[in-house]
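Architecture and fold: a report
Each chain, letter by letter, is given below.
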Amino acid sequence: STLGSGIGQNEIASVEANGDLSVNKNFKCDRRGVFFVKGDLTIDGRITNQNLEKDACIFIVNGNVTIGNGEKVSNSTMEYDEINAYILADGKIEIPQDEEKRDIYDGIYIDGGIHSLSEEGVVIKRSLKLADRLRYPVLVVKQNSKYGVLSRSLFGSSILLQSIEVGIRP
């Protein structure tokens, strides 16, 4: 349910899942961490941060990613399922249609990013009610630079540096 048990505040947690990984209910990413998933990743609920400015979770997935319906958050107005994570998948990322009949459907808000290396890319099957479709997008992705800082700490950067000395000798 949380990432932070047993590691220090300034350490980076590393989790390796040899098969599929399912993130259910309300997962709290309360440290900096990276998840290596050899199978598929299923997210069926919110992923929140305790400290929005520092806490960050990156999911690196060998298979496909499915972002499910989670718990209903919309009541009288349309709201978003919140996912605070960066998701990099070798396979496709799919957001299926909400099967439960509701008066208002939830959208998805990702604070971090999603990236698929598959030819299918990100497949969005979820839709909103007609009145909400005209005002709100079903998927909102806000790029957050804290994930770039974390990935640079973990994997380094690909800066090519070349030094040239310019001058004239007598």
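Up top you'll find the structure we're talking about.
I will try to describe carefully the structure that is included in this document. (Residues numbered from 1 in each chain as written. Predicted model: local features only at pLDDT ≥ 70, side-chain atom pairs only at ≥ 80, totals over all residues. Heavy atoms only, no water.)

If you tally the helices and strands in the protein, you get two helices and 14 strands. Residue pairs at least 24 apart in sequence account for 70% of intrachain contacts in the protein once pairs closer than 6 positions are excluded. Of the roughly 10200 Å² of accessible surface on the protein, 48% is carried by carbon and sulfur atoms. (Helix = DSSP H or I, 4+ residues; strand = E, 2+ residues; numbered from the N terminus. Contact = heavy atoms within 4.5 Å. Areas by Shrake-Rupley, 256 points an atom, 1.4 Å probe, with all protein chains shown as cover.)

Turning our eyes to something else, we now look at the environment of Thr66. You can see Thr66 is positioned in strand S8 (residues 65–67). Sequence separation between Thr66 and Ile93 is 27 residues, and the spatial gap between their C-alpha atoms is 5.9 Å. What Thr66 contacts, discounting residues up to four positions off in sequence, is Leu41, Thr42, Ile43, Glu94 and Pro96.

Once that is clear, we can look at the pattern of salt bridges. If charged atoms from side chains of opposite charge come close, those side chains can pair. Scanning the entire structure with this criterion turns up six salt bridges. For Lys92, the salt bridge identified is with Glu120, shortest N-O distance 3.8 Å. Taken together, the residues Lys92 in the loop between strand S10 (86–89) and strand S11 (93–95) and Glu120 in the loop between strand S12 (107–116) and strand S13 (122–124) connect sequence positions 28 residues apart. Three or more residues joined by partner-sharing salt bridges are found here, namely Lys92, Glu94, Glu120 and Lys125. (Salt bridge = Lys/Arg side-chain N within 4 Å of Asp/Glu carboxyl O.)

Let us look at the sheet that holds strand S2 (residues 21–24). Sheets are built from strands that pair by backbone hydrogen bonding, the pairs being arranged parallel or antiparallel. Reading across from one edge, S2-S5-S8-S11-S13 is the order of the five strands in this open sheet, with parallel pairing throughout. The open sheet has two edge strands, S2 and S13, and neither has a second partner. If you compare each strand with its neighbour and ignore which way they point, the axes differ by 10° on average. Sheet analysis places S2 next to strand S5 (residues 41–44), joined by four bridges and oriented parallel. Within S5, the residue paired with Asn24 across the bridge is Asp44. (Pairing = 2+ DSSP bridges. Axes fitted to C-alpha atoms, helices over the stretch in contact; angles between N-to-C directions.)

On to helix H2 (residues 146–155). Restricting attention to buried positions, one finds in H2 the residues Lys146, Tyr147 and Leu150. The arc enclosing the buried residues of H2, seen along the axis, measures out at 95°, which places them on a common side. On its buried face, H2 sits against strand S1 (12–17), strand S4 (32–37), strand S6 (47–49), strand S7 (56–61), S10 and S12. Where H2 terminates, the next one or two residues include Gly156, which has phi positive at roughly 85°. (Buried < 20%, exposed > 50% of the residue type's maximum accessible area, 1.4 Å probe, protein only. Arc of directions from axis to C-beta.)

This part takes up the nonpolar core. What tends to happen in soluble globular proteins is that the nonpolar side chains get buried as a cluster. In this structure, Leu41, Ile47, Phe59, Val65, Ile67, Ile83 and Ile87 are the most contacted members of the largest nonpolar core, which totals 28 residues. Looking at this core, the elements that each hand over two or more residues are strand S3 (27–29), S4, S5, S7, S8, S10, S11 and S12. When near neighbours in sequence (up to four residues on either side) are disregarded, Ile47 contacts Val23, Phe27, Phe59, Glu82, Ile83, Asn84 and Ala85. Listed in part, the five residues of the second largest apolar core include Val34, Ala56, Tyr147 and Leu150. (Core = buried A, V, L, I, M, F, W, Y, C linked by side-chain atoms within 4.5 Å.)

The topology assignment puts Glu94 in strand S11. Leaving out residues up to four positions away in the same chain, Glu94 has contacts with Val65, Thr66, Ile67, Val123 and Lys125.

On inspection of all chains with the given rule, the structure shows two aromatic pairs. Aromatic pair Phe27 and Phe35: ring centres 6.0 Å apart, planes at 75°, arrangement edge-to-face. The pair formed by Phe27 and Phe35 is uniform in burial state, with each residue classed as buried. Ring centres 4.6 Å apart and planes at 15° place the aromatic pair Phe35 and Phe59 in the stacked group. Placement of Phe35 in strand S4 and of Phe59 in strand S7 is noted, with a sequence separation of 24 residues between them. By relative accessible area, which is 0% here, Phe59 ends up buried. Site record: aromatic cluster; members linked through ring pairs are Phe27, Phe35 and Phe59. (Phe/Tyr/Trp six-rings, centres within 6.5 Å; stacked < 30°, edge-to-face > 60°.)

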